[in-house]
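Spelled out from the first residue to the last, the chains are:
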Amino acid sequence: MLQGKTIVLGISGGIAAYKAATICSRLVQAGAQVRVIMTESATKFITPLTLQTLSRHQVYLDTFNEFDPSVVAHINVADSADLVVIAPATANILAKMANGLADDMLSTTLLATTAPIMVAPAMNVHMYEHPAVKRNMDILAERGVRYIEPGTGLLACGYVGKGRLAEPEDIVFAVQQWFAQSRELEGKKVLVTAGGTMERLDPVRYLTNDSSGKMGFALAEAAANRGADVTLIAARTTAAPVAGVNTVHVESAEEMLEAVLERYESADLVIKAAAVADYRPVVKASTKIKKGNEKLVLELERTTDILQTLGERKKHQFLVGFAAETEQLAHYAMDKLRRKNCDLIVGNDVSQAGAGFNVDTNIVQIFGEEGLVESLPVLSKREVADRLLTQIVQRMKAAPGAKGAAE
């Protein structure tokens, strides 16, 4: 699975650095080309010669130690990576990553790479629980950094708690899973909608909602990470653009409907995460509406239900909808799934803290035709997207006639 893959292994200065030798050895045995970067502190715990012998490549220690005059070392290493793994990751390197510092070979290379980054934290339990460390980890998670959770037990410092580096076998397995996952949707066309639609009253005013688009953007990114050809239909959003994704910008519910239907026939997976307006003004003024009487009465009409339209026209597509509710979540989600002919519905109670609009986290329940499939706690929207895609891929593979489905 790792044959031909280049993994940059960053080792920072914690007592768990000795485990990096086993990680390096097992990655090489699995077929990976491993490039090791060590911080100066890491060399106090394990020698570069050990990692050089195990990786069969020179070990990078100093930004200014250029082995090959034809390339700039940290750029060359950064560009070569299919994946960057930092194990152990100390509180110090996490802080550097979160704040964009580049004062050694490892932190400089991390700024230069565009490869996915996987981090295995290891530190004292009180350090791991410190608000500054937690905030730095949250910032990195928002940027797409993946974590391999530390273990709980007796730490080198004598404390008992969370902070022990994950076992080398678990770290190597996480790497293998990453590469296996990255091909799961290869050859599939995925259509994602995101953001809140805008229904114009006049050239300067409109009706909309609180959707930020972050959930939809996270889903588009997760699908692209799994090898899919992704098109993102985005209305009003505050989310950052997603690299490698074809983004189509729309404004109104009608424009979103047209954009989706234009691409629906060729789509394999459609995830309707947008918050689409249910009503629009019957009349849209061509010029700014001037202040007049004490009251202004607006007449609204229903917009076309995009999800229901897709459900009615569904042939081979796997269709996923969202249900933002404030009460009776399971009841309304299951009703929506059946009425609109969806394969999955993702329900969230937007009245809960940490769920719904304009936050970076979400709390969701995933429903299928059999009822509740999975209930997720407060997680970053990227993590929610990843967990949802896992459910989707499993069901698409198991669908009758699907390639790779169980006999």
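About the thresholds
Residues numbered from 1 in each chain as written. Predicted model: local features only at pLDDT ≥ 70, side-chain atom pairs only at ≥ 80, totals over all residues. Heavy atoms only, no water. Helix = DSSP H or I, 4+ residues; strand = E, 2+ residues; numbered from the N terminus. Buried < 20%, exposed > 50% of the residue type's maximum accessible area, 1.4 Å probe, protein only. Core = buried A, V, L, I, M, F, W, Y, C linked by side-chain atoms within 4.5 Å. Contact = heavy atoms within 4.5 Å. UniProt positions renumbered as here; feature names shortened; annotations may be inferred. 1 Å grid on protein atoms, 1.4 Å probe; cavity = no way out; pocket = protein on both sides within 12 Å on 5 of 7 lines; lining within 4 Å. Salt bridge = Lys/Arg side-chain N within 4 Å of Asp/Glu carboxyl O. Pairing = 2+ DSSP bridges. Phe/Tyr/Trp six-rings, centres within 6.5 Å; stacked < 30°, edge-to-face > 60°. Points joined across faces, edges and corners; volume = space filled by probe spheres on them. Nonpolar A, V, L, I, M, F, W, Y, C, P; charged D, E, K, R; others polar. Axes fitted to C-alpha atoms, helices over the stretch in contact; angles between N-to-C directions. Left-handed = near helix turned anticlockwise from the far one by under 90°.

As recorded by an unreviewed UniProt entry, the protein chain carries the name Coenzyme A biosynthesis bifunctional protein CoaBC and is attributed to Paenibacillus albus.

## Side note on unusual backbone geometry
Here the residue pair Ala 87 and Pro 88 is connected by a cis peptide bond, since its omega of 0° sits within 30 degrees of zero. By secondary structure assignment, the location of Pro 88 is in strand S3 (residues 83-89). Here Gln 328, not a glycine, exhibits a phi torsion of approximately 45°, which is positive. With respect to the helices and strands, Gln 328 occurs in the loop between strand S16 (318-325) and helix H12 (329-339). Judged by its relative accessible area of 48%, Gln 328 is partly exposed. Positive phi, close to 60°, is recorded for Asn 341, a residue that is not glycine. Turning to its location among the elements, Asn 341 is positioned in the loop between H12 and strand S17 (344-349). Judged by relative accessible area, which is 36%, Asn 341 ranks as partly exposed.

## What about the nonpolar core?
Of all hydrophobic cores here, the largest spans 37 residues; its most connected members are Leu 219, Leu 269, Ile 271 and Ile 392. Secondary structure elements with two or more residues in this core: strand S8 (189-194), helix H9 (214-225), strand S11 (229-234), strand S13 (269-272), S16, S17 and helix H13 (381-398). Setting aside residues up to four positions removed in sequence, Ile 392 forms contacts with Leu 269, Ile 271, Phe 318, Val 320 and Leu 344. One finds Met 38, Leu 51, Ile 148 and Val 172 within the second-largest nonpolar core, a separate group that totals 35 residues.

## Points about the UniProt feature "binding site: CTP" (unreviewed entry) in the protein chain
In the UniProt entry, the feature "binding site: CTP" (unreviewed entry) is given for Asp 278, Lys 288, Phe 322, Lys 336 and Lys 340. An extended arrangement is adopted by the annotated residues: their sequence extent is 63 residues, and the largest C-alpha distance between any two is 37.8 Å. For the second largest pocket, the lining residues drawn from the annotated set are Asp 278, Phe 322, Lys 336 and Lys 340. Considering the arrangement of structural elements, one finds Asp 278 in the loop between S13 and strand S14 (279-281).

## A closer look at the pattern of salt bridges
Evaluated as defined, the whole model comprises 21 salt bridges. Here Arg 382 and Glu 221 are joined by a salt bridge, their closest N and O atoms 2.6 Å apart. Taken as a pair, Arg 382 in helix H13 and Glu 221 in helix H9 lie far apart in primary sequence, 161 residues in all. Overall, Arg 382 belongs to the partly exposed group, its relative accessible area being 27%. The salt bridge partner of Lys 314 is Asp 343, with a shortest N-O separation of 3.2 Å. Placement of the pair is Lys 314 in the loop between helix H11 (306-313) and S16 and Asp 343 in the loop between H12 and S17, with a sequence separation of 29 residues. Residue classification places Asp 343 among the partly exposed positions, given a relative accessible area of 24%. Each of Arg 146, Glu 184, Arg 226 and Asp 386 takes part in salt bridges that share partners, so that together they form one network.

## Regarding the sheet that holds S3
The parallel open sheet is built from five strands, whose spatial order is S2-S1-S3-S4-S5. Edge positions in the sheet fall to strand S2 (33-38) and strand S5 (146-147), since each of these pairs with one other strand and no more. Relative to S5, strand S4 (residues 117-121) runs parallel, the two being bridged by two bridges. Within S5, the position partnered with Met 118 by the bridge is Arg 146.

## Details of the pairing of S13
Residue alternation in S13 divides its side chains into two sets, Leu 269 and Ile 271 and Val 270 and Lys 272, and both sets are buried. As paired strands, S8 and S13 are joined by four bridges and run parallel to one another. Note on S13: the bridge partner recorded for Val 192 is Ile 271. Note: S13 against S16, four bridges, orientation parallel. The residue of S16 that forms the bridge with Lys 272 is Gly 321.

## Quick notes on the packing of aromatic side chains
Going through the model one piece at a time under the given rule, you end up with one aromatic pair. Arranged with centres 5.7 Å apart and planes meeting at 80°, the rings of Tyr 60 and Phe 67 form a pair that is edge-to-face. You can call Tyr 60 buried: its relative accessible area is 8%. For Phe 67, a relative accessible area of 39% translates into the label partly exposed.

## Some words on the UniProt feature "domain: DNA/pantothenate metabolism flavoprotein C-terminal" (unreviewed entry) in the protein chain
The positions UniProt marks with the feature "domain: DNA/pantothenate metabolism flavoprotein C-terminal" (unreviewed entry) are residues 185-394. Secondary structure content for residues 185-394 is 27% helix and 29% strand, while the C-alpha to C-alpha distance between its ends is 11 Å.

## What about the layout of surface pockets?
Roughly 780 Å³ of internal volume is contained in the second largest pocket. Looking at the second largest pocket, it is lined by 38 residues, and the ones nearest its centre are Ala 274, Ala 275, Val 276, Phe 322 and Lys 336. Among the elements of the structure, H9, H11, S16 and H12 are those that each provide at least two residues to the lining of the second largest pocket. The greatest single-element share of the lining of the second largest pocket, amounting to five residues, is contributed by S16. When its residues are assigned to classes, the lining of the second largest pocket shows 14 nonpolar, 13 polar and 11 charged.

## A few points about the packing of helix H4 (residues 91-99) against helix H5 (residues 105-112)
Taken N-terminus to C-terminus, the directions of H4 and H5 make an angle of 35°; their axes are 10 Å apart at the nearest point. Crossing handedness for the pair H4 and H5: right-handed. Between H4 and H5, the residues in contact are Ile 93, Lys 96 and Met 97 and Leu 106, Ser 107 and Leu 110, respectively. In terms of residue class, the contact of H4 with H5 is built from four nonpolar, one polar and one charged.

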